[in-house]
Amino acid sequence: MDLLKWGRSPWGEWVLTHVSWNLFWASLFAGILFFVAHASYVFFSAHRKRSPEETDALEAAHPNLPTKIERHNLTARLFHWVMAAAMFTLLFTAFLPVAGYKFPWVTWHWIAGLVLTASILFHIVHATFFLDFWSIWVGPKDIPEFKAEIMRELGHDVPGPKSGKYPLGNRLYHLAQVVTSLSVIATGIFMLKRVRTPFFTRNPYLFSDSTWGVTYVTHGLAGVALVGLVIAHVYFAVRPDKWWITKAMIFGWVTRRQYLEHHEPDRWRVPGGGSAAKPAGRA
Ligand code: HEM
């Protein structure tokens, strides 16, 4: 299976031009395969959250917690949904023509691209100065949580930290999104020079043929990776056991019980939480 497409430059050299659209079908297939494999795995594995007794004990230890706990403020939710709309428009405009639905997609595509770029620039400023910036990143500090999560997935009831504001999977997903989205945006901005827009005169000679080739291939690779990533994201958002997280992205809050069942109060501190006392029986 060819992964990349090559063409001849006016000087007769072979240069990269695009990714092969086989990769789009591969990413779509991988996304669907992941969805089927994970759904079957969850069907057979126990769902792991804190036991009712442990959650009761935590509730008793945190009597001042409000009944609703804010998870995403209005600005963060608006960003998420604008970004999602731009992302879907980009995916559909890019890949419907590949799947055989031909239409003039380029204008819609770059407009959505600029909306995505603006929303992500906004998000970077908002998250850096107004949100808890470090809560979404993964690093060596997360190794104990990673080990505990693996053991729980394997069916062992082990002590060990629950997540802070964002579960480990969400943080890893965010990292993958950062890499792919920044690649698709950085390359997309240069590709605007190749198409007609009201902003500047088209200039296909900005780069050499081989540099354009690498730009298009990077854009295409990040784009097809986003197909699989977005399928995985939507799959988790619609799973009934994750609705509490999805609802929080619509309404902004989780209940006190959900907060205590799924999070470590010491790692996601909320107003009224006080200093966390550990429930009986926990390491
Ligand atoms: C989810 C994000 C995105 C996906 C999946 C995506 C996908 C694609 C794909 C598959 C192509 C065709 C590439 C080729 O022919 O080799 C393309 C072209 C293009 N993309 Fe994107 N893209 C995304 C984001 C962006 C962004 C953020 C921008 C601009 C800021 C952008 C601007 C462009 C432009 C201008 C073209 C047309 C190039 C041409 O026809 O010469 N894209 N995109």
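Every value quoted in this text rests on a predicted model; they were computed, and no experiment measured them.

A.B. asks: I'd like a description of the overall build of the chain, backed by residues and values.
C.D. replies: Along its length, the chain carries nine helices and four strands. Listed N to C, the secondary structure of the chain is β-β-α-α-β-α-α-α-α-α-α-β-α in terms of helices and strands. When the 283 residues of the chain are sorted by exposure, 37% land in the buried category. Once local pairs closer than 6 in sequence are excluded, the contacts in the chain between residues at least 24 apart make up 71%. Carbon and sulfur atoms form 70% of the exposed surface of the chain, whose accessible area is close to 16,500 Å².

A.B. asks: Describe the environment of Trp108, naming the residues involved and giving the relevant values.
C.D. replies: Mapped onto the elements, Trp108 comes out in helix H4 (residues 106-129). Once the C-alpha coordinates of Trp108 and Val270 are considered, the two residues, 162 residues apart in sequence, prove to be 41 Å apart.

A.B. asks: Before we move on, could you go through the pairing of strand E2 (residues 14-19) and cite the residues and values that matter?
C.D. replies: In the sheet, strand E1 (residues 4-8) pairs with E2 via five bridges, with the strands oriented antiparallel. The residue of E2 that forms the bridge with Arg8 is Trp14. Hairpin connection, E1 to E2: the antiparallel pair is bridged by five residues, and Gly12 has positive phi, about 85 degrees.

A.B. asks: Before we move on, could you go through the packing of aromatic side chains and cite the residues and values that matter?
C.D. replies: One pass over the full model with this rule turns up 16 aromatic pairs. Ring centres of Phe24 and Phe95 lie 4.5 Å apart, and the angle between their planes is 5 degrees; on these two criteria the pair is classed as stacked. Here Phe24 is found in helix H1 (residues 22-44), whereas its partner Phe95 is found in helix H3 (residues 74-95), with 71 residues between them in sequence. Its relative accessible area of 6% is what places Phe24 among the buried residues. Look at Phe95 and you get buried, because its relative accessible area is 9%.

A.B. asks: Residues and numbers for the packing of H3 against H4, please.
C.D. replies: Relative orientation of the contacting elements H3 and H4 amounts to 150 degrees, with a least axis distance of 9 Å. Put simply, H3 runs roughly antiparallel to H4. Between H3 and H4 lies a crossing whose hand is left-handed. Taking contact as the criterion, the partners of Thr75, Ala76, Phe79, Val82, Met83, Ala86, Met87, Thr89, Leu90, Thr93 and Ala94 in H3 are, on H4, Trp108, His109, Ala112, Gly113, Val115, Leu116, Ser119, Ile120, Phe122, His123 and His126. For the contact of H3 with H4, a count of residues per class yields 14 nonpolar, eight polar and no charged.

A.B. asks: So, helix H6 (residues 168-191): which residues are in play, and what are the values?
C.D. replies: Along an α-helix, residues three or four positions apart point the same way, because every turn accommodates 3.6 residues. Spanning 24 residues, H6 covers 35 Å between terminal C-alpha atoms, matching the ideal 34 Å at 1.5 Å per step. Leu168, Arg171, His174, Gln177, Thr180, Ser181, Val184, Ile185, Thr187, Gly188 and Met191 are the residues of H6 that are buried. Buried residues in H6 make contact with H3, H4, helix H5 (143-153) and helix H7 (209-238).

Calculation rules
Residues numbered from 1 in each chain as written. Predicted model: local features only at pLDDT ≥ 70, side-chain atom pairs only at ≥ 80, totals over all residues. Heavy atoms only, no water. Helix = DSSP H or I, 4+ residues; strand = E, 2+ residues; numbered from the N terminus. Buried < 20%, exposed > 50% of the residue type's maximum accessible area, 1.4 Å probe, protein only. Contact = heavy atoms within 4.5 Å. Areas by Shrake-Rupley, 256 points an atom, 1.4 Å probe, with all protein chains shown as cover. Pairing = 2+ DSSP bridges. Phe/Tyr/Trp six-rings, centres within 6.5 Å; stacked < 30°, edge-to-face > 60°. Axes fitted to C-alpha atoms, helices over the stretch in contact; angles between N-to-C directions. Parallel < 35°, antiparallel > 145°, perpendicular 65-115°, else oblique. Left-handed = near helix turned anticlockwise from the far one by under 90°. Nonpolar A, V, L, I, M, F, W, Y, C, P; charged D, E, K, R; others polar. Expected span 1.5 Å × (residues − 1).

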